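Below are the chains, spelled out letter by letter.
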Amino acid sequence: MDRGNRYETAFEAYLHWQGLSHVAVDETRRSPWGDTHVKSLDFIVHGAGSRLLVDVKGRRFPSIAKGKERRVWECWSTTDDVEGLERWTALFGPGYTGLLVFVYHLGATVELPDDTDDLWEWRGERFLFRGVTVGDYRKHMRVRSPRWNTVTLLGARYREVVRPLHHFTRAPGLALETCPF
């Protein structure tokens, strides 16, 4: 975990608020895996019967490209992220799910209903938490940039496989409380 990364610190604060047991992983060094080194994951999370290996992907919504606002739910990642998460999931074994968590930092102009699942305000900023299993991501990913080694999901496919974070962390029917800070 990078404590200087607003998305990862917001995610960790959200986990605390939800009362979810978790370990933030020191990602300053890659772990050896045979003759190669594997990208570190960001968090190990346990909650309501779930065991998650999480890689946090921070994105702004809307994004700004070439001075122009883009209202697209960006869901790109690197192939290193996907491969690393797959390797960690294999190492931890059955019962663990590799999860790419997209943490969207919402701009002031974004209007969502207050009861939107996993919409959260922290330190005066709003965040939206969404998850995709690494297996679903791998199955549907497309090359975004060969030069930067990035992959993404097409918008329609992303909408099919993405879920609010609590889908992976909470037992069905549990109500979410309001944030105390």
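Coordinates for the structure precede this section.
The sections below set out a description of the structure shown in this document.

Calculation rules
- Residues numbered from 1 in each chain as written.
- Predicted model: local features only at pLDDT ≥ 70, side-chain atom pairs only at ≥ 80, totals over all residues.
- Heavy atoms only, no water.
- Buried < 20%, exposed > 50% of the residue type's maximum accessible area, 1.4 Å probe, protein only.
- Helix = DSSP H or I, 4+ residues; strand = E, 2+ residues; numbered from the N terminus.
- Pairing = 2+ DSSP bridges.
- Phe/Tyr/Trp six-rings, centres within 6.5 Å; stacked < 30°, edge-to-face > 60°.
- Salt bridge = Lys/Arg side-chain N within 4 Å of Asp/Glu carboxyl O.
- Contact = heavy atoms within 4.5 Å.

1. Some details on the pairing of strand S4 (residues 43-47)
At step 1: Most of S4 is tucked away: four of the five residues are buried.
At step 2: With four bridges connecting them, strand S1 (residues 21-24) and S4 associate as antiparallel partners. Its bridge partner being in S4, Ala 24 is matched across the sheet by Phe 43.
At step 3: Where S4 and strand S5 (residues 50-61) come together, five bridges link them in antiparallel fashion. The partner of Phe 43 across the bridge, within S5, is Val 54.
At step 4: Hairpin connection of S4 to S5: two residues between the antiparallel strands, including Ala 48 at a positive phi of 40°.

2. Remarks on the packing of aromatic side chains
At step 1: Under the counting rule described, the total for this entry stands at 16 aromatic pairs.
At step 2: With a centroid separation of 6.2 Å and 50° between ring planes, the pair formed by Phe 11 and Phe 129 is classed as tilted. Here Phe 11, found in helix H1 (residues 6-18), pairs with Phe 129, found in strand S11 (residues 125-133); they are 118 residues apart in sequence, far enough to count as distant. Comparing Phe 11 with Phe 129, the two get one shared label, buried.
At step 3: Ring geometry for Trp 120 and Trp 122: centres 6.0 Å apart, planes at 10°, overall stacked.
At step 4: Of the residues examined, Trp 120 reaches a relative accessible area of 2% and is grouped as buried.

3. Regarding the pattern of salt bridges
At step 1: Applying the stated criterion across every chain yields a total of 11 salt bridges.
At step 2: Residue Arg 157 is joined to Glu 160 by a salt bridge in which the shortest nitrogen-to-oxygen separation is 2.9 Å. With Arg 157 and Glu 160 both in helix H4 (residues 155-161) and three residues apart, the pair spans about one turn of that helix.
At step 3: Among the residues examined, Arg 157 registers a relative accessible area of 33% and is labelled partly exposed.
At step 4: The class for Glu 160 is partly exposed, based on a relative accessible area of 45%.
At step 5: Where salt bridges share partners, they join Lys 39, Asp 55, Lys 57 and Asp 81 into one cluster.

4. Digging into the sheet that holds strand S8 (residues 77-78)
At step 1: Read from one edge of the open sheet, three strands run S8-S13-S12, paired in antiparallel fashion. Of all strands in the sheet, those with a lone pairing partner are S8 and strand S12 (142-145), marking the two edges.
At step 2: Here three bridges tie S12 to strand S13 (residues 150-152), and the two strands are oriented antiparallel to one another. Within the sheet, the bridge partner assigned to Val 143 lies in S13 and is Val 151.

5. What about the pairing of S5?
Consecutive side chains along a regular strand alternate between the two faces of the sheet.
At step 1: In terms of burial, S5 is a largely internal element, nine of the 12 residues being buried.
At step 2: Relative to strand S9 (residues 97-106), S5 runs parallel, the two being bridged by 10 bridges. By the bridge assignment for S9, Leu 52 is matched with Thr 97.

6. Some thoughts on the environment of Thr 152
At step 1: Relative to the helices and strands, Thr 152 is located in strand S13.
At step 2: A relative accessible area of 15% places Thr 152 in the buried class.
At step 3: For the pair formed by Thr 152 and Thr 78, sequence separation is 74 residues and the distance between their alpha carbons is 8.4 Å.
At step 4: Beyond its immediate chain neighbours, meaning those up to four positions away, Thr 152 contacts Cys 75, Trp 76, Tyr 137, His 140, Met 141, Arg 142 and Arg 144.

7. Re the environment of Cys 75
At step 1: With respect to the helices and strands, the residue Cys 75 is situated in the loop between strand S7 (68-70) and S8.
At step 2: The exposure class of Cys 75 is buried, given its relative accessible area of 2%.
At step 3: Put simply, Cys 75 and Leu 154 are 79 residues apart on the chain and 8.7 Å apart in space, counted from C-alpha to C-alpha.
At step 4: Other than its neighbours up to four places away in sequence, Cys 75 contacts Phe 102, Tyr 104, Tyr 137, Val 151, Thr 152, Leu 153 and Tyr 158.

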